[in-house]
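# Descriptive analysis of the structure
Single-letter residue listing:
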Amino acid sequence: MTAVTETFAPSAAQMEALARAALARIPEPFASHLPDIVLIVEDFADDDTLREMGMEGPFELTGLYSGRPVGEKEGFAIGEIPQPDTIHLYRVPLLAEWVETGVSLEALVTHVVVHEVGHHFGLSDDDMHALEDSVA
């Protein structure tokens, strides 16, 4: 009789480990601006975030950068408390894309992390692709 092996989707902690590994591969001059970025893995974006992003469903958003891009760090208003720059990864939509595309989960998470880091630096799509090529 053959043993049955159960397979489970990667946990939020496992996905965070993939994301942290991707962040660790980002080269200079970008890497020196990334140590304070907060990384959060959640199953889905909340309804308010989806609405703000113009998304119709929770599977449309796999990641989100929130914060001020590097070039806009100066000039906080008096009394304004700076919030940490944050990259959110949305686990269930990433897992769905993983299953649908057949792309490795590591490559998919790396792609989303690099894209969100690109927003942190205000990069164009072409620059994000070049950065992703250097991280892969």
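The paragraphs below set out a description of the structure included in this document. Worth saying up front: this structure is predicted, and the values here are computed from it rather than measured.

## Looking at the nonpolar core
- Residues Ile-26, Leu-89, Val-113, Val-117 and Leu-131 are the most contacted members of the largest nonpolar core, which totals 27 residues.
- Of all the elements in the fold, those that place two or more residues in this core are helix 1 (12-24), strand 1 (38-42), strand 3 (86-90), helix 3 (91-101), helix 4 (105-121) and helix 5 (125-135).
- Sorting elements by how many residues they give to this core places helix 4 first, with eight residues.
- Not counting the four nearest positions on each side in its chain, Leu-89 is found in contact with Ala-19, Leu-39, Ile-40, Val-41, Glu-42, Thr-62, Gly-63, Leu-94, Val-109, Val-112 and Val-113.

## So, the pairing of strand 1
- The alternating pattern of strand 1 places Leu-39 and Val-41 on a buried face, while none of Val-38, Ile-40 and Glu-42, on the opposite face, is buried.
- As paired strands, strand 1 and strand 3 are joined by five bridges and run parallel to one another. Bridge assignment links Val-38 to a residue of strand 3, and that residue is Thr-86.

## Things to note about the packing of aromatic side chains
- On inspection of all chains with the given rule, the structure shows two aromatic pairs.
- For the pair Phe-30 and Phe-121, a centre-to-centre distance of 4.9 Å together with 75° between the ring planes defines the contact as edge-to-face. With Phe-30 in the loop between helix 1 and strand 1 and Phe-121 in helix 4, this residue pair connects regions lying 91 residues apart in the sequence. Neither Phe-30 nor Phe-121 differs from the other in exposure class; each is buried.
- With a centroid separation of 5.2 Å and an interplanar angle of 80°, the aromatic rings of Phe-44 and Phe-59 are classed as edge-to-face. Residue Phe-44 is found in the loop between strand 1 and helix 2 (47-52), and its partner Phe-59 is found in the loop between helix 2 and strand 2 (63-66); the two are separated by 15 residues along the sequence.

## Quick look at the sheet that holds strand 2
- The three strands lie next to each other as 1-3-2, forming an open sheet whose pairing is mixed. Where the open sheet ends on each side, the last strands, each with one partner, are strand 1 and strand 2. Adjacent strand axes in the sheet meet at a mean angle of 15°, parallel and antiparallel pairs treated alike.
- Of the strand pairs in this sheet, strand 2 and strand 3 are connected by four bridges, and their pairing is antiparallel. Bridge assignment links Gly-63 to a residue of strand 3, and that residue is Leu-89.
- Contacts from helix 1 reach strand 1 and strand 3, with the element oriented near 145° to strand 1.

## Looking at the pattern of salt bridges
- Within this structure, the stated rule accounts for four salt bridges.
- The closest approach of N and O atoms between Arg-25 and Glu-106, which form a salt bridge, is 3.8 Å. Within this pair, whereas Arg-25 is found in the loop between helix 1 and strand 1, its partner Glu-106 is found in helix 4, the two being separated by 81 residues in sequence.
- Of the residues examined, Arg-25 reaches a relative accessible area of 32% and is grouped as partly exposed.
- A relative accessible area of 43% places Glu-106 in the partly exposed class.
- A salt bridge links Arg-51 to Asp-48; the shortest N-O distance between them is 2.5 Å. Of this pair, Arg-51 and Asp-48 both sit in helix 2, three residues apart, which is roughly one turn of that helix.
- On the accessibility criterion, Arg-51 (57% relative accessible area) is exposed.
- Among the residues examined, Asp-48 registers a relative accessible area of 46% and is labelled partly exposed.

Rules used in this analysis
Residues numbered from 1 in each chain as written. Predicted model: local features only at pLDDT ≥ 70, side-chain atom pairs only at ≥ 80, totals over all residues. Heavy atoms only, no water. Core = buried A, V, L, I, M, F, W, Y, C linked by side-chain atoms within 4.5 Å. Buried < 20%, exposed > 50% of the residue type's maximum accessible area, 1.4 Å probe, protein only. Helix = DSSP H or I, 4+ residues; strand = E, 2+ residues; numbered from the N terminus. Contact = heavy atoms within 4.5 Å. Pairing = 2+ DSSP bridges. Phe/Tyr/Trp six-rings, centres within 6.5 Å; stacked < 30°, edge-to-face > 60°. Axes fitted to C-alpha atoms, helices over the stretch in contact; angles between N-to-C directions. Salt bridge = Lys/Arg side-chain N within 4 Å of Asp/Glu carboxyl O.

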